[in-house]
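So the chains spell out like this:
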Amino acid sequence: MTHQHAPAAPTAAPDPYFPNSGDPRYKVHRYELALDYRPGPNRLGGTARLSAVAGTALPEFTLDLADFRIGRVLVDGKAARYTHRAGKLRVRPAKALAAGAAFTVEVHYTGNPRPVRSPWGGLGWEELTDGALVASQPVGAPSWFPCNDRPADKATYQIAVTTPSPYTVVVGGRPLTRTPRASSTTWVYEQSAPTSTYLVTVSIGHYLPVALAERPAVRQTGYVPAGLAAEFAADFGRQPQMMAYFEEIFGPYPFGEYAVVVADEELDVPVEAQGVATFGTNHLGGGWENERLIAHELAHQWFGNSVSIADWSHIWLNEGLAKYAEWLWSEHTGGPSAAAHAAAARALLARLPQDLRLGDPGRKLMFDDRLYQRGGLTVHALRVTLGEAPFFRMLKDWATLNRHGSVTTADFTAHAQRYAQGLALGGLFEAWLWHGTLPPVSA
């Protein structure tokens, strides 16, 4: 009888849309970031400590990090050789890492953070008129910390941010401590739920905390410019009911708390992050257009954040389910029904080019508005086909069975099939996901 070594943990494939992002040969399970940020000169100094496991033997490995000056790099406490160019920090430990080995890497870096360039404009750390925010989807995380920038490589985080004392710091997760020292204050947050790199955020500004809901409900807090506190309280006043409704239909809220930041600027779109959503001043003012954005960002906490995509080709799972959550909230509160929203979306899409393959839209179309609308329509077609009770069971089970996990379109179609009571869903998914032509909703 021959003895064989246990195989090393399988390594993932590169992301089909961003093959240069991340390193699939290892997995990070924790990041500890200690940051010092000065808003005036926009200067960031950081120490990042990553705890990781090698999936294969690693004589060297890479981290994603934008254009910072590197002070030193340590692997397991020992100085490592490195090169840093074109957004890649290539690290060669003193001794190669064995397959399956746990290791730590520590990076000391300084510089002026700025968004990384992308087809959708700058992504990541953004300097505001007075403060900063982070909007990283899909590949902006390296603009402010060294990381393995892959959506499925989820890790826990502890983030300490030191900044001048007049500023408030908001990070996704549980606030642990706030320590004033002379003219600066250090804020420490812990995100104990597995988090994708693009969903880690920091907001720094002059914000007033506004309590929306406390325990035993999910703690919900707004951080808003003082002059907008009353308008915020009015516009976000229904968010606690929205949270209660989404918990009823999607299952328990997946994180410890939910923060909403209103940056003192106009933003193109709200920014989704784990446990936090960031809105612009232009997203206040009430009305359905703004309320649907509140619903959309909140729904992402289940669909996109807790249940994450394995790679960016599955983006419709995040956006289609969050779009459908908008329609469900409208229906629940006596507005137009989900069917009415679906009919309007279908009429809109019928007038537009039908060249989008929802199940694999390609990098160019991954944030196209048609993907959101068609994603919502696909979910509605599934509801029509499965019937009310099986559909809502399917939806809640999807969110709860895959809590804090990573999924693919194939996982979703297989999951939905289990609720179809003998009906084959292959044709429905083929038509909605893999062909450009718009099928009827009843198909």
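Residues numbered from 1 in each chain as written. Predicted model: local features only at pLDDT ≥ 70, side-chain atom pairs only at ≥ 80, totals over all residues. Heavy atoms only, no water.

(A) Local environment of the pattern of salt bridges. This structure, assessed with the given rule, holds 19 salt bridges. Residues joined by salt bridges that share partners form a network here, namely R30, E32, R49, E106 and E190. (Salt bridge = Lys/Arg side-chain N within 4 Å of Asp/Glu carboxyl O.)

(B) Structural detail: the sheet that holds strand β6 (residues 81–85). Strand order in the open sheet formed by three strands is β3-β7-β6, with antiparallel pairing between adjacent strands. Across the chains shown, the open sheet's two edge strands, defined by having one partner strand only, are β3 (61–64) and β6. Geometrically, the sheet is characterised by an average inter-axis angle of 20° between neighbouring strands, direction not taken into account. Here four bridges tie β3 to strand β7 (residues 88–92), and the two strands are oriented antiparallel to one another. From the neighbouring strand, F61 faces β7, where its bridge partner is V91. (Pairing = 2+ DSSP bridges. Helix = DSSP H or I, 4+ residues; strand = E, 2+ residues; numbered from the N terminus. Axes fitted to C-alpha atoms, helices over the stretch in contact; angles between N-to-C directions.)

(C) Representation of the confidence of the model for the chain within the structure. When pLDDT is averaged across the chain, the result is 95; 97% of the residues are at 70 or more. Within the model, the stretch residues 1–10 combines pLDDT values under 50 with three contacts to residues more than four positions away or in other chains. (pLDDT = per-residue confidence, 0-100. Contact = heavy atoms within 4.5 Å.)

(D) Quick look at the packing of helix α6 (residues 369–386) against helix α9 (residues 426–434). Taken N-terminus to C-terminus, the directions of α6 and α9 make an angle of 170°; their axes are 10 Å apart at the nearest point. One element, α6, and the other, α9, form an angle in the roughly antiparallel class. Listed contacts from α9 to R374, L377, T378, A381, L382 and T385 of α6 are L428, F429, A431, W432 and L433. Of the residues contributing to the contact of α6 with α9, the split by class is eight nonpolar, two polar and one charged. (Parallel < 35°, antiparallel > 145°, perpendicular 65-115°, else oblique. Nonpolar A, V, L, I, M, F, W, Y, C, P; charged D, E, K, R; others polar.)

(E) Representation of the environment of Q241 within the structure. With respect to the secondary-structure elements, Q241 resides in helix α2 (residues 239–250). Take Q241: its relative accessible area is 45%, and that puts it in the partly exposed class. As for Q241 and N42, which are separated by 199 residues in sequence, their C-alpha atoms are 39 Å apart. (Buried < 20%, exposed > 50% of the residue type's maximum accessible area, 1.4 Å probe, protein only.)

(F) Up close: the nonpolar core. F61, W144, F246 and F250 are the most contacted members of the largest nonpolar core, which totals 129 residues. When residues of this core are assigned to their parent elements, the largest contribution, ten residues, is made by helix α4 (residues 315–332). The next biggest cluster of nonpolar side chains, apart from the first, holds 13 residues, and it includes Y207, Y223, A259 and V271. (Core = buried A, V, L, I, M, F, W, Y, C linked by side-chain atoms within 4.5 Å.)

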